[in-house]
Amino acid sequence: MGTYKCAGCGSPVYESSTKFDSGTGWPSFFQPISGGVDETIDRSIPFFPRTEVQSLQLSVLHIVLESAWLVEGAL
């Protein structure tokens, strides 16, 4: 287990225990580290809200899908 950090500033963003295979080819996580990021809900796509996660220092954008219920054992 470990911690994924922002490539731009090195701030901790995700714990490895929250990573899952979304089938997209991109690293996918269902929960950011609390207090280490800013979160904004993006509702620009109807019926598909997503959480945009930004590191506190550089505001590098990361996405957390709201459909974490698809991940076995995520909840």
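Reading the values: rules and limits
- Positions within a chain are numbered from 1, following the residues in the order the chain's sequence is written.
- The predicted nature of this model means local features are confined to residues of pLDDT at least 70 and side-chain atom pairs, given and counted, to a pLDDT of 80 or more, with totals for whole chains, interfaces and linings taken over all residues.
- In computing side-chain values, all of the structure's heavy atoms are included and hydrogens and water are not.
- In this description a helix means any DSSP run of H or I spanning at least four residues, a strand means any run of E spanning at least two, and both kinds are numbered starting from the N terminus.
- A 1.4 Å probe rolled over the protein chains alone gives each residue an accessible area, and that area as a share of the maximum for its type sets the label: buried under 20%, exposed over 50%, partly exposed in between.
- It only takes one pair of heavy atoms within 4.5 Å for two residues to be counted as in contact.
- Aromatic rings from Phe, Tyr and Trp, taking only the six-membered ring of Trp, are treated as a pair when their centres fall within 6.5 Å; an angle between ring planes under 30 degrees marks them as stacked, one over 60 as edge-to-face, and anything in between as tilted.
- pLDDT is a residue-level measure of predictor confidence that goes from 0 to 100.
- Two cysteine sulfur atoms form a disulfide, by the criterion used here, when they sit within 2.5 Å.

### Here's the deal with the overall build of the protein
Moving on, step 1. In terms of helices and strands, the protein carries zero helices and seven strands.
Moving on, step 2. Mapped in sequence order, the helices and strands of the protein form the string β-β-β-β-β-β-β.
Moving on, step 3. Of all 75 residues assigned to the protein, the portion counted as buried reaches 32%.
Moving on, step 4. Long-range pairs, those at least 24 residues apart, make up 26% of the contacts in the protein with a sequence separation of at least 6.

### Topic: the packing of aromatic side chains
Moving on, step 1. Inspection of every chain in the model, using the stated rule, returns three aromatic pairs.
Moving on, step 2. Aromatic side chains Tyr4 and Phe29 sit 4.9 Å apart centroid to centroid with 65° between the ring planes, which places their arrangement in the edge-to-face category. Residue Tyr4 is located in strand β1 (residues 3–5), and its partner Phe29 is located in strand β4 (residues 28–29); the two are separated by 25 residues in the primary sequence.
Moving on, step 3. You can call Tyr4 partly exposed: its relative accessible area is 32%.
Moving on, step 4. In this structure an aromatic cluster arises from ring pairing among Tyr4, Tyr14 and Phe29.

### Observations concerning the side chain of Ser11
Moving on, step 1. Along the chain, Ser11 turns up in the loop between β1 and β2 (12–15).
Moving on, step 2. Excluding residues that lie within four positions of it along the chain, Ser11 makes contacts with Tyr4, Lys5, Cys6, Ser55 and Gln57.

### Some thoughts on the environment of Arg50
Moving on, step 1. The topology assignment puts Arg50 in strand β6 (residues 50–55).
Moving on, step 2. The sequence separation of Arg50 and Thr40 amounts to ten residues, and the corresponding C-alpha distance is 8.4 Å.

### Remarks on the environment of Phe20
Moving on, step 1. Assignment of secondary structure puts Phe20 in strand β3 (residues 19–20).
Moving on, step 2. The spatial distance from the C-alpha of Phe20 to the C-alpha of Phe30 is 7.6 Å, given a sequence separation of ten residues.

### Overview of the confidence of the model for the protein
Moving on, step 1. For the protein, per-residue confidence averages 75 on the pLDDT scale, and residues scoring 70 or more make up 76% of the total.
Moving on, step 2. Mean pLDDT values for the elements of the protein range from 59 in strand β7 (residues 61–65) up to 87 in β1.

### Description of the state of the cysteines
Moving on, step 1. Under the counting rule described, the total for this entry stands at zero disulfides.
Moving on, step 2. Between Cys6, a cysteine without a disulfide, and Cys9, which holds the nearest cysteine sulfur, the sulfur-to-sulfur distance is 3.8 Å.

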